[in-house]
Amino acid sequence: DLDGTGVTVGVWEAGGVALAEHNELEGKVEVIDDMAEVTFHATHVTGTIISEGNNTNAIGMAPGAMAKSSDSNNDIAELAFYALDGGLLTNHSYGTILFQGNQHLLGIYTSAAGQWDELLFNSPYLLSCKSAGNTRNDGFNSIDNGYDQLLNASCAKNNLVVGAIGDVDGLSSPTDFNETNFSSWGPTDDWRIKPDIT
């Protein structure tokens, strides 16, 4: 019977914020970055979390919850203030763009991962959910057969890194779940298992 009532989720997204006037989000989203543009992806991700369910096929995972929406510029500093203000839960479905020449960064514990870990260590009540990424079939690091595809914050230790699964029509056993062919896999280069959950 959990529906997110009483919970506010901070949703940071690359390039923009959610459409607060969307019929599934109206009255449920506070845009905390008024300089950012509204984007499809920010609206989609926010809807996946808190969509009201006016269209029963579009109900979110926590339709009783509220959201605060911001773009990912300055995310670490903004998250620190969010945590200080009592924020408990955030979502980050964005990452570093991978291109030929920066494959050496895959799986490495970078300074960016360190910044996330320091922030989350100092904010022990804040749970930050971070996408694993969508690069498994993009031809990078093919020598590792689709493994070792994580970048920056997805290699941090103190966040919850999430992989993607395909649609589930019926649920009778664990084999009914299938990871998508694009969701990035770990492990990290120091052999930590990431993503943490799929």
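Residues numbered from 1 in each chain as written. Predicted model: local features only at pLDDT ≥ 70, side-chain atom pairs only at ≥ 80, totals over all residues. Heavy atoms only, no water.

Colleague: Is there a simple way to explain the packing of aromatic side chains in this structure?
Modeller: Evaluation of the coordinates by the stated rule reveals two aromatic pairs. Here Tyr-147 and Trp-185 contribute two aromatic rings whose centre-to-centre distance is 4.6 Å and whose plane-to-plane angle is 35°, an arrangement assigned as tilted. Highlighted residues: Tyr-147 in the loop between strand 5 (127-131) and strand 6 (160-162) and Trp-185 in the segment after strand 6, separated in sequence by 38 residues. A cation over a ring is seen here: Arg-136 above Trp-185, with NZ or CZ 3.9 Å from the ring centre. (Phe/Tyr/Trp six-rings, centres within 6.5 Å; stacked < 30°, edge-to-face > 60°. Helix = DSSP H or I, 4+ residues; strand = E, 2+ residues; numbered from the N terminus. Lys NZ or Arg CZ within 6 Å of the ring centre and 35° of its normal.)

Colleague: Honestly, the side chain of Thr-46 in this entry has me stumped. Any pointers?
Modeller: Considering the arrangement of structural elements, one finds Thr-46 in helix 1 (residues 40-50). With sequence-adjacent residues up to four places away left out, Thr-46 is seen in contact with Val-11, Ala-18, Leu-25, Val-29, Ser-51 and Ala-67. (Contact = heavy atoms within 4.5 Å.)

Colleague: Looking at this structure, I do not really get the pairing of strand 4 (residues 89-92). What am I missing?
Modeller: The two faces of the sheet receive side chains in turn, since in a regular strand these alternate between them. Two strands pair when backbone bridges link them, and strand 1 (residues 8-13) and strand 4 are joined in this way by four bridges, in the parallel orientation. Paired with Val-9 across the two strands is Leu-89, which belongs to strand 4. Alignment of strand 4 against strand 5, held across four bridges, turns out to be parallel. Across the sheet, the residue bridging to Thr-90 is Ser-128, located in strand 5. (Pairing = 2+ DSSP bridges.)

Colleague: Would you take a moment to explain the sheet that holds strand 6 for this structure?
Modeller: Consider a sheet: its strands pair through backbone hydrogen bonds, and that pairing is either parallel or antiparallel. Spatially, the six strands line up as an open sheet ordered 2-3-1-4-5-6, and their pairing is parallel. Only two strands of the sheet have a single neighbouring strand rather than two, namely strand 2 (29-31) and strand 6. Between one strand axis and the next, the sheet turns through 25° on average, direction left out of account. Of the strands in this sheet, strand 1, strand 2, strand 3 (66-71) and strand 4 are in contact with helix 1, which crosses strand 1 at around 155°. (Axes fitted to C-alpha atoms, helices over the stretch in contact; angles between N-to-C directions.)

Colleague: Just to check I follow, could you spell out helix 1 for this structure?
Modeller: Given 3.6 residues per helical turn, the α-helix brings residues three or four places apart onto the same face. By the burial criterion, the buried members of helix 1 are Ala-42, Thr-43, Val-45, Thr-46, Gly-47, Ile-49 and Ile-50. Looking at the buried side of helix 1, the elements it contacts are strand 1, strand 2, strand 3 and strand 4. (Buried < 20%, exposed > 50% of the residue type's maximum accessible area, 1.4 Å probe, protein only.)

Colleague: Even after reading the chapter, I still don't get helix 3 (residues 111-121), so can you show me in this structure?
Modeller: Of all the residues in helix 3, the buried ones are Ala-113, Trp-116, Asp-117, Leu-119 and Leu-120. For helix 3, the arc enclosing every buried residue in end-on projection is 165°, short of the 170-degree limit, so these residues lie on one face. For helix 3, the exposed residues lying more than 90 degrees away from the buried face are Ser-111, Glu-118 and Phe-121. Of the surrounding secondary structure, the elements contacted by the buried residues of helix 3 are helix 2 (75-84), strand 4 and strand 5. (Arc of directions from axis to C-beta.)

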